[in-house]
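Secondary and tertiary structure notes
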There are 2 protein chains.
Amino acid sequence: MTTTTPTPTATLSATTDAELDAVFAAAAAARGPLAALGIDGRRRALDAAAAALRDAAEALIPIAREETHLPEGRLRGEIERTAFQLELYGQAASTAFRVDHDPADAAADPAPRPELYRSHRPIGVVLNFAASNFPFAFSVAGTDTASALAAGCPVVVKTHSGHPRLSVATWQVVAPVLEAHGCPPGTLALIAGTQAGIRALQDPRVGAAAFTGSLKGGRALFDIACARPTPIPFYGELGSVNPAVVAPHAAATRGDEIAAGFFASFTLGAGQYCTKPGLLFWPESVPVPDSLLSAVRDASLHELLNERITAGFEDTSTALENHPGVSILSRSEAGASRALLLATDAASVLADPASIVECFGPAALVIRYRDGAELVDALGTVEGSLTGTIHADDEDDAIVRRVLGVMEDRVGRIVWDDWPTGVAVAVGQQHGGPYPAATSSLHTSVGTHAIDRFLRPIAYQNVPERFLPVP
Amino acid sequence: MTTTTPTPTATLSATTDAELDAVFAAAAAARGPLAALGIDGRRRALDAAAAALRDAAEALIPIAREETHLPEGRLRGEIERTAFQLELYGQAASTAFRVDHDPADAAADPAPRPELYRSHRPIGVVLNFAASNFPFAFSVAGTDTASALAAGCPVVVKTHSGHPRLSVATWQVVAPVLEAHGCPPGTLALIAGTQAGIRALQDPRVGAAAFTGSLKGGRALFDIACARPTPIPFYGELGSVNPAVVAPHAAATRGDEIAAGFFASFTLGAGQYCTKPGLLFWPESVPVPDSLLSAVRDASLHELLNERITAGFEDTSTALENHPGVSILSRSEAGASRALLLATDAASVLADPASIVECFGPAALVIRYRDGAELVDALGTVEGSLTGTIHADDEDDAIVRRVLGVMEDRVGRIVWDDWPTGVAVAVGQQHGGPYPAATSSLHTSVGTHAIDRFLRPIAYQNVPERFLPVP
């Protein structure tokens with residue numbers, strides 16, 4: 001097996017039109033051979049890519065540290081998660097390509113039925129807009145790339161400007177290994193630059209796009225994907241406030257424990273998770289624990305990912321704290337980024353639901369509620385989110401049933417007595433949700449069902465067995 | 001059980017804003033109770049609706065005859081198909097709501113895993129734009145309505161102006177039966193008028209829309225659905241030329257038999273099927289059978305659905321026959337609508353691929369090809385289609401493999417030695433395809449997977465069993 005040493009200083013300049021054309025020509029040419037490699041062949045290539053990524057961890061982590069300011073332990077975990085995703089999706093593809101079969105039946109209702117064999121085809125070249133906040137798991141070899149490759153789709157990654165050298169270095173590790181294991185040239189390519197990304201999304205050779213990032217940028221790209229002469233699916237994960245509800249009995253009996261979990265979750269990675277619990281609904285009958293206020297005050301968080309995110313956090317958190325009805329509960333006094341805990345009440349939220357916006361970074365808003373009715377009403381104003389969290393005791397069942405009904409309409413994942421920032425890579429995962437959490441609420445970008453996004457069904461009617469695809 | 005007698009003269013005037021608001025208020029209020037009715041409860045309601053529809057056939061058929069000019073036998077079959085769909089989708093919902101479960105695993109890779117239970121939720125109120133050409137099967141109680149109801153979604157049907165009285169009469173048969181079997185008021189409602197349809201599509205209470213109709217109208221509605229503040233899935237089936245290929249050996253040995261099948265398929269229902277084989281690729285080495293020309297000449301077809309479709313057929317077929325390189329092979333001399341068979345060659349198609357457009361009505365274009373290379377090239381210019389048909393003998397295997405590869409990229413269903421106008425309602429059906437056949441190539445509007453369009457996945461993390469949905 002080839003071992004490739006990444007070049008820590010290599011980067012990409014903005015992709016030109018001619019380069020873009022060459023990238024898509026190669027990707028389009030890779031479609032047939034990559035499909036022909038088959039599920040097992042691709043699984044072996046993905047396994048090898050995972051192994052290569054693990055082997056390259058010591059070389060990649062310093063580049064990632066420098067470009068993203070994320071701590072080493074987190075990056076090490078993220079590499080392992082990314083490798084695991086490559087392996088798991090490679091295995092799961094055989095399930096995703098599932099076949100439905102109706103035998104011919106001359107006596108069928110309402111009419112004689114031919115034989116039908118329904119299988120799936122890779123949807124085409126996938127354009128993957130990498131994220132800033134997960135430089136491995138949602139980037140060059142991340143969940144969108146892994147799921148598209150498992151489905152048999154060549155991938156063009158629009159690299160994120162926040163980690164250009166890491167993007168190239170990761171590609172240098174993964175791409176040659178894929179090729180050494182039978183994937184055609186053009187299976188995985190990188191492009192750079194906002195304008196190149198837009199032109200890429202308009203290229204007729206693209207069959208689907210995936211995106212993880214901001215509401216504003218994601219919506220602009222979604223609009224472009226829909227306006228194409230031939231529209232394509234655009235799987236965008238855009239923004240999410242992730243409400244968490246603490247029921248009265250749980251708040252009264254184990255408020256400190258819940259507060260500690262909340263603090264850890266909303267400040268994890270300096271709050272730069274799309275699943276960060278940004279809203280904490282807390283009963284007015286129970287004081288917000290002093291332990292939460294002091295944990296925030298004493299926090300010492302690492303630097304944010306980049307200057308744009310730092311500036312965005314300043315703007316959004318300042319607007320939020322200056323909002324009528326919002327007060328500062330606590331803020332940290334040290335650290336490279338400052339944790340911020342704000343407070344308001346459900347009545348203020350009901351009076352002005354637009355005040356609840358996602359604040360990407362280490363800030364959260366505690367919303368005090370008087371009773372179940374006010375809680376449910378205020379929760380009902382929250383936009384679509386990736387997650388909704390409930391902390392409750394048996395004594396809280398009546399209120400929980402009402403909260404659950406409202407949350408189920410608004411989120412992709414309900415988290416019980418736990419926190420949403422961990423996103424298990426599994427069959428049963430759902431990482432998505434009603435808009436603006438995702439542009440397509442029918443799909444997930446994490447977990448084995450992520451593969452489904454890149455498979456198009458096709459039926460074969462009376463087709464002889466020798467011509468049927470073997471998925 | 002209530003038996004409702006339809007009122008053959010009742011119709012709807014264009015829905016006003018106030019009426020529309022009331023319709024959506026009722027539909028939104030129906031969401032909870034309809035979901036709570038459960039899969040089995042809804043199945044019983046759908047079974048009863050199917051039975052009522054069958055019972056009302058004698059009352060409905062004369063209205064349909066008058067409004068659509070479709071023959072009685074066809075309408076009778078379509079009612080049975082529609083009833084069967086209601087029953088089959090009701091049964092299949094339990095499969096569509098499938099659950100994935102990951103048990104908690106503290107030793108899981110790459111991190112300890114919580115319990116995950118992934119289920120589905122009805123996506124919300126479904127807006128169904130009914131079609132002109134299937135006044136039962138793609139209308140008030142048709143496949144979109146049946147699949148949405150099976151998924152637990154209330155349905156608002158934008159009735160088609162081509163059969164207003166039949167729409168009301170069908171609703172009068174079906175809606176009371178649904179209600180008598182536990183569906184809440186607001187489960188199924190009708191609206192009328194183009195402007196009301198557009199306003200309905202913009203209503204924030206709509207969760208998804210389905211459409212069967214023209215490319216122009218469907219694309220305009222798709223664009224509106226995408227441009228909403230909260231975009232929604234728009235499942236449109238827009239247009240399809242449905243290429244059919246006759247391989248050289250098959251043409252030489254059983255050309256008359258194939259020609260007879262082709263004639264029957266492209267003139268079925270006076271050519272007003274979205275799956276009509278509009279293109280016939282025929283080898284230059286074999287003369288087009290005289291039997292085909294005489295069948296077309298002697299055809300006596302019924303009137304087209306309405307004046308707009310008649311005018312559209314005149315315009316499109318005239319443009320096609322006046323196209324350079326296109327000649328008239330045969331046309332019928334009698335009948336209320338005139339069958340038309342045109343001819344061109346693959347070289348002309350390659351020189352001007354835009355000449356191939358869908359012509360809704362009893363017209364088809366024979367494309368003569370010199371060899372496999374020219375066939376494959378010409379086929380490669382055909383836009384996304386619902387179906388692709390192949391007639392071939394064992395001796396044609398080499399050419400078939402190449403044709404199949406091109407077709408699989410372009411169609412939703414491959415039909416072998418058969419014709420595409422029959423669309424079996426089954427698990428393995430795929431009625432959709434790459435754009436413009438459908439706006440979402442990942443979905444089907446016929447067959448039990450049609451239900452998937454209206455189900456949104458949701459994951460439950462560590463949620464106690466008593467709060468988990470029972471699908």
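Note on numbering: residues in each chain are counted from 1, in written sequence order. Lettering of chains starts at A and numbering of ligands starts at 1, both following the order in which they are written. pLDDT decides what is reported in this predicted model: residues at 70 or higher carry local features, side-chain atom pairs at 80 or more are listed and counted, and totals for whole chains, interfaces and linings draw on all residues regardless. As a rule here, side-chain values come from all non-hydrogen atoms in the structure, and water together with hydrogens is ignored.

We now examine the pattern of salt bridges. Oppositely charged side chains may form a pair once their charged atoms are brought near each other. A pair is scored as a salt bridge if a Lys or Arg side-chain nitrogen falls within 4 Å of a carboxyl oxygen belonging to Asp or Glu. Enumeration over the complete set of coordinates arrives at 48 salt bridges over all chains. Among the ionic pairs, Asp397(B) bridges to Arg466(A), the shortest N-O distance being 2.8 Å. Taken together, the positions of Asp397(B) in helix H13 (residues 397-408) and Arg466(A) in the segment after strand S17 (455-461) put the pair across two chains. A simple rule labels every residue: compare its accessible area, found with a 1.4 Å probe on the protein chains alone, to the largest value its type can have, and call it buried under 20%, exposed over 50%, or partly exposed in between. With a relative accessible area of 36%, Arg466(A) lands in the partly exposed category. A salt bridge links Glu67(B) to Arg165(B); its shortest N-O distance comes to 3.6 Å. With Glu67(B) in helix H2 (residues 57-68) and Arg165(B) in helix H5 (residues 164-180), this residue pair connects regions lying 98 residues apart in the sequence. Look at the salt bridges and you will find they share partners, linking Arg31(A), Arg121(A), Glu408(B) and Asp409(B) into a network. Elements are defined by DSSP. Helices are runs of H or I of four residues or more, strands are runs of E of two residues or more, and each kind is numbered from the N terminus.

Of the residues in chain A, 99% have a pLDDT of 70 or more, and the chain-wide mean is 96. Under the prediction, the complex receives an ipTM of 0.97, its pTM being 0.97. Confidence per residue, as judged by the predictor, is encoded in pLDDT with a range of 0 to 100.

As a further point, take the relation of the copies chain B and chain A. The least-squares superposition of copies is restricted to C-alpha atoms, and to residues with a pLDDT of at least 70 in both copies. In the superposition of chain B on chain A (RMSD 0.0 Å, axial shift 0.0 Å), the rotation amounts to 180 degrees. Both chain copies can therefore be described as sitting about a two-fold axis. Of the C-alpha atoms belonging to chain B, the one lying closest to the rotation axis is found on Cys226(B), 3.3 Å away. Same-surface contact between copies: 100% of interface residues of chain B are shared with the interface of chain A. By definition, residues are in contact when any of their heavy atoms lie within 4.5 Å.

Residue and element names in this part refer to chain A. On the secondary structure map, Ser139 appears in the loop between strand S3 (125-129) and helix H4 (143-151). When its relative accessible area of 1% is taken as the criterion, Ser139 is described as buried. Beyond its immediate chain neighbours, meaning those up to four positions away, Ser139 contacts Asn128, Ala130, Phe134, Thr145, His163 and Ser167.

Moving on, we come to the interface of chain B and chain A. Often, the extent of an interface is quoted as the loss of accessible area upon association of its parts. Counting residues at the interface gives 71 residues for chain B and 71 residues for chain A. Put simply, buried area is the surface a 1.4 Å probe can reach on two separate parts but cannot reach once they are joined, added for both. The contact between chain B and chain A buries some 5900 Å² in all, and 55% of this surface belongs to carbon and sulfur atoms. The largest share of the area that chain B buries against chain A comes from Leu442(B), Gln461(B) and Phe467(B), three residues that together contribute 12% of it. Viewed at the interface, chain A and chain B are joined by ten salt bridges. N or O atoms within 3.5 Å of each other form a polar contact, as long as, within protein, one can give a hydrogen and the other can take it, and as long as residues adjacent in sequence are counted only when both atoms are side-chain atoms. In this assembly, chain B and chain A are joined by 46 residue pairs in polar contact (both at pLDDT 80 or more). Only helix H3 (72-96), strand S1 (100-102), strand S2 (116-122), helix H7 (215-227), H13, strand S14 (411-416) and strand S15 (455-461) of chain B provide two or more residues apiece to the side of chain B that touches chain A. Ranked by the residues each element gives to the side of chain B that touches chain A, the list is headed by S15(B), at seven residues. Alignment of S17(A) against S14(B), held across three bridges, turns out to be parallel. Bridge assignment links Gln461(A) to a residue of S14(B), and that residue is Val415(B). The rule for pairing is simple: two strands pair if DSSP sees at least two bridges between them.

The next thing to look at is helix H6 (residues 194-202) of chain B. All names here are of chain B. Here H6 has its buried residues at Ala196, Gly197, Ala200 and Leu201. For H6, the buried positions fall inside an angular range of 140 degrees around the axis, keeping them on one side. When the buried face of H6 is taken as reference, the exposed residues oriented beyond 90 degrees from it are Thr194 and Gln195. Each C-beta atom gives one direction from the helix axis, and the arc is the one those directions make.

Before going further, it helps to spend a moment on the packing of H2(B) against H3(B). Residues and elements named next belong to chain B. Simply put, an axis is a line fit to the C-alpha atoms, just over the touching stretch for a helix, and the angle between two N-to-C directions goes from 0 to 180 degrees. Packing of H2 against H3 brings their axes to within 10 Å, and their N-to-C directions diverge by 125 degrees. Relative to H3, the element H2 lies oblique. Our pair here, H2 against H3, has a crossing hand that is right-handed. On H3, the residues touching Ala57, Glu58, Leu60, Ile61, Ala64, Arg65 and Thr68 of H2 are Glu72, Leu75, Arg76 and Ile79. Geometric relationships in this document are graded by angle, where less than 35 degrees denotes roughly parallel, more than 145 denotes roughly antiparallel, 65 to 115 denotes roughly perpendicular, and other angles denote oblique. Crossing handedness: left-handed means the near helix sits turned counterclockwise from the far one by under a right angle, and right-handed means the same turn made clockwise.

Taking strand neighbours across the sheet as the criterion, the ten strands line up as S11(A)-S13(A)-S14(A)-S9(A)-S8(A)-S15(A)-S16(A)-S15(B)-S2(B)-S1(B) in an open arrangement whose pairing is mixed. Both edges of this open sheet fall to strand S11 (327-331) of chain A together with S1 of chain B, since each of them pairs with a single strand only. Averaged over neighbouring strand pairs, the angle between their axes works out to 25 degrees when direction is ignored. In this structure, strand S9 (residues 279-283) of chain A lies alongside strand S14 (residues 363-369) of chain A, joined through five bridges in parallel fashion. Each residue of the ladder has a partner; that of Pro283(A), found in S14(A), is Tyr369(A). Lying on the sheet, helix H10 (residues 307-321) of chain A is in contact with S11, strand S13 (340-345) and S14 of chain A; it crosses S13(A) at an angle near 35 degrees.

Turning next to the packing of aromatic side chains. Each Phe, Tyr or Trp ring, with Trp reduced to its six-membered ring, pairs with another whose centre is within 6.5 Å; inter-plane angles below 30 degrees give stacked pairs, above 60 give edge-to-face pairs, and intermediate values give tilted ones. Applying the stated criterion across every chain yields a total of 22 aromatic pairs over all chains. Aromatic side chains Phe134(A) and Tyr273(A) sit 5.2 Å apart centroid to centroid with 80 degrees between the ring planes, which places their arrangement in the edge-to-face category. Taken as a pair, Phe134(A) in the loop between S3 and H4 and Tyr273(A) in the loop between helix H8 (248-267) and S9 lie far apart in primary sequence, 139 residues in all. By relative accessible area, which is 10% here, Phe134(A) ends up buried. A residue is classified by how much of its surface remains accessible, and Tyr273(A), at 11% relative accessible area, is buried. An angle of 90 degrees between the planes, with centres 6.2 Å apart, marks the rings of Phe263(B) and Phe266(B) as edge-to-face. Taken together, the residues span about one helical turn, with Phe263(B) and Phe266(B) both in helix H8 (residues 248-267) at a distance of three residues. Here Phe263(B) and Phe266(B) have matching classes, each one buried. For Arg74(B), the ring lying beneath its charged end belongs to Phe134(B), and the centroid distance is 4.5 Å. Over the ring of Tyr235(B) we find Arg453(B); its NZ or CZ atom is 5.7 Å from the centre of that ring. Two limits define a charge over a ring: the Lys NZ or Arg CZ must be within 6 Å of the ring centre, and within 35 degrees of the ring normal.

To continue, consider unusual backbone geometry. It is generally the case that most residues other than glycine have a negative phi and that most peptide bonds are trans. Cis peptide bonds are those with omega within 30 degrees of zero, and the linkage from Asp109(B) to Pro110(B) qualifies with -10 degrees. Tracing the backbone shows Pro110(B) in the loop between S1 and S2. Phi is positive for Asp417(A), which is not a glycine, with a value near 45 degrees. Mapping Asp417(A) onto the fold places it in the loop between strand S16 (411-416) and S17. Look at Asp417(A) and you get partly exposed, because its relative accessible area is 32%. Its identity as a non-glycine residue notwithstanding, His69(B) has a phi of 65 degrees, on the positive side. Within the element layout of this structure, His69(B) appears in the loop between H2 and H3. A residue is classified by how much of its surface remains accessible, and His69(B), at 24% relative accessible area, is partly exposed.

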